[in-house]
Amino acid sequence: MIKIQNKISAFIFIALVNLANFGIIVAQTVSVEEFQTKISAINNPQLIDVRSPDEFKTGHLIASKNVNVKDADFAQQIEKLDKTLPVFVYCLTGLRSKLATEIFSKSGFVSVIELEGGYSNWIIAKKPIESPAKALNTSGKYSKEELVDLIKENKLVLIDYFAEWCGPCKKMDPFIQKLKKEFDGKVKVIKIDTDKNRGIAIQNLVSELPTVVFYKNGREFWRGVGEQDEEFIRELFELNVEK
């Protein structure tokens, strides 16, 4: 009986090794609660934040390590990890972690567990983090990666570029905030202070204030320069929101 059990164990081990050699892994995308439960059940889990170093500095999951998936040598960096143990992966919203999962797969990792909705969902659920004050983005600064992910992750996005000294911007702010609440969950409204985000403003060709840019399915759909009318913006939302 013992010999049979040994043979079965050996067979299972060989099968797992072969799966790893062929790049076949067990990949899961799990909720915040399940992700937290799984990492809590393991001593020193391989918890990888695949965002940029700047994003990582603003806040991250406790005990996570930063390995930027956009780095040219990402595949080489993850070779330092144990491929026979689960690896837990997250980014800001889930887009980059999916890319990371593909790379982990090709590298022969046997189990990859991805956080659904990424760090954004973790924050919304009020889970523990390191550097919490900065993580909430109270500075009003955005990284290029954050903005790209927000635009891709949401079907409809309105970005209101403003400055504290801009009179028309202040005049528009009340109705922008009102529409933000009214269309919550349907249109993602983001206000970007150009004095705090000059690089992003330049990159997105914002030269006058206020400038309002509307994105649909990840692409710029409409741009308004100068003071805008509340009813026009409302109609823009209504015409593009799925009924």
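Residues numbered from 1 in each chain as written. Predicted model: local features only at pLDDT ≥ 70, side-chain atom pairs only at ≥ 80, totals over all residues. Heavy atoms only, no water.

Focus on the sheet that holds strand 6 (residues 111-115)
Across a sheet, paired strands are connected by hydrogen bonds in the backbone, their directions being either parallel or antiparallel. If you trace the 5 strands from one edge of the open sheet to the other, you get 1-6-5-2-4, paired in parallel fashion. Of all the strands in the sheet, just strand 1 (26-30) and strand 4 (65-66) have a single pairing partner and so form its edges. Where strand 2 (residues 46-49) and strand 4 come together, 2 bridges link them in parallel fashion. The partner of Asp49 across the bridge, within strand 4, is Asn66. (Pairing = 2+ DSSP bridges. Helix = DSSP H or I, 4+ residues; strand = E, 2+ residues; numbered from the N terminus.)

Here we look at the sheet that holds strand 9 (residues 188-193)
Across the sheet, which stays open at both edges, the 4 strands sit in the order 9-8-10-11 with mixed pairing between neighbours. Because the sheet does not close on itself, it has two edges, and the strands there are strand 9 and strand 11 (219-225). The sheet shows a mean angle of 20° between the axes of neighbouring strands, direction not considered. Pairing between strand 8 (residues 156-162) and strand 10 (residues 211-216): 6 bridges, direction antiparallel. Along strand 10, the bridge assignment pairs Val157 with Tyr215. Where helix 11 (residues 230-240) meets the sheet, it contacts strand 8, strand 9, strand 10 and strand 11, and its direction lies at approximately 165° from that of strand 11. (Axes fitted to C-alpha atoms, helices over the stretch in contact; angles between N-to-C directions. Contact = heavy atoms within 4.5 Å.)

Structural notes on the nonpolar core
In summary, soluble globular proteins display a tendency toward joint burial of nonpolar side chains. Within the largest apolar cluster, 16 residues are counted, with the highest numbers of intra-cluster contacts made by Leu158, Val187, Phe214, Ile233 and Phe237. Looking at this core, the element that brings in the most residues is helix 9 (residues 167-182), giving 4 residues. Excluding anything up to four places from it in sequence, Leu158 contacts Ile176, Val187, Lys188, Val189, Ile190, Val212, Val213, Phe214, Ile233 and Phe237. (Core = buried A, V, L, I, M, F, W, Y, C linked by side-chain atoms within 4.5 Å. Buried < 20%, exposed > 50% of the residue type's maximum accessible area, 1.4 Å probe, protein only.)

Quick notes on the state of the cysteines
As enumerated under the stated definition, the model contains 1 disulfide in all. Put simply, Cys166 and Cys169 are joined by a disulfide, and their sulfur atoms are 2.4 Å apart. A torsion of 75° about the S-S bond marks the disulfide between Cys166 and Cys169 as right-handed. Considered together, Cys166 and Cys169 belong to a single accessibility category, that of buried residues. (Disulfide = S-S within 2.5 Å.)

Brief notes about the pairing of strand 5 (residues 87-90)
Burial of the side chains of strand 5 extends over both faces: Val87 and Val89 are buried on one face and Phe88 and Tyr90 on the other. One crossover worth recording links strand 5 to the parallel strand 6 by way of helix 5 (residues 95-106), and it is right-handed. (Right-handed = clockwise from strand over helix to strand, strands pointing away.)

Quick notes on the pattern of salt bridges
All chains considered together, the criterion is met by 14 salt bridges. Here Arg96 makes a salt bridge to Glu55, at a shortest N to O gap of 2.8 Å. Here Arg96 is found in helix 5, whereas its partner Glu55 is found in helix 3 (residues 53-58), with 41 residues between them in sequence. Exposure class is identical for Arg96 and Glu55. Each is buried. Where Asp149 meets Arg96, a salt bridge forms, and the shortest distance between an N and an O atom there is 2.7 Å. (Salt bridge = Lys/Arg side-chain N within 4 Å of Asp/Glu carboxyl O.)

Observations concerning helix 11
Looking at helix 11, one finds that the buried residues are Glu230, Ile233, Arg234, Leu236, Phe237 and Asn240. In a view along the axis of helix 11, the buried residues occupy a sector of 155°, so they form one face of it. In the core, the buried residues of helix 11 are packed alongside strand 8, helix 9, strand 9, strand 10 and strand 11. For helix 11, the capping residue at the N-terminal end is Asp229, with a side-chain oxygen 3.0 Å from the backbone nitrogen of Glu231. (Arc of directions from axis to C-beta. Polar contact = N/O pair within 3.5 Å; in protein donor to acceptor, adjacent residues only side chain to side chain.)

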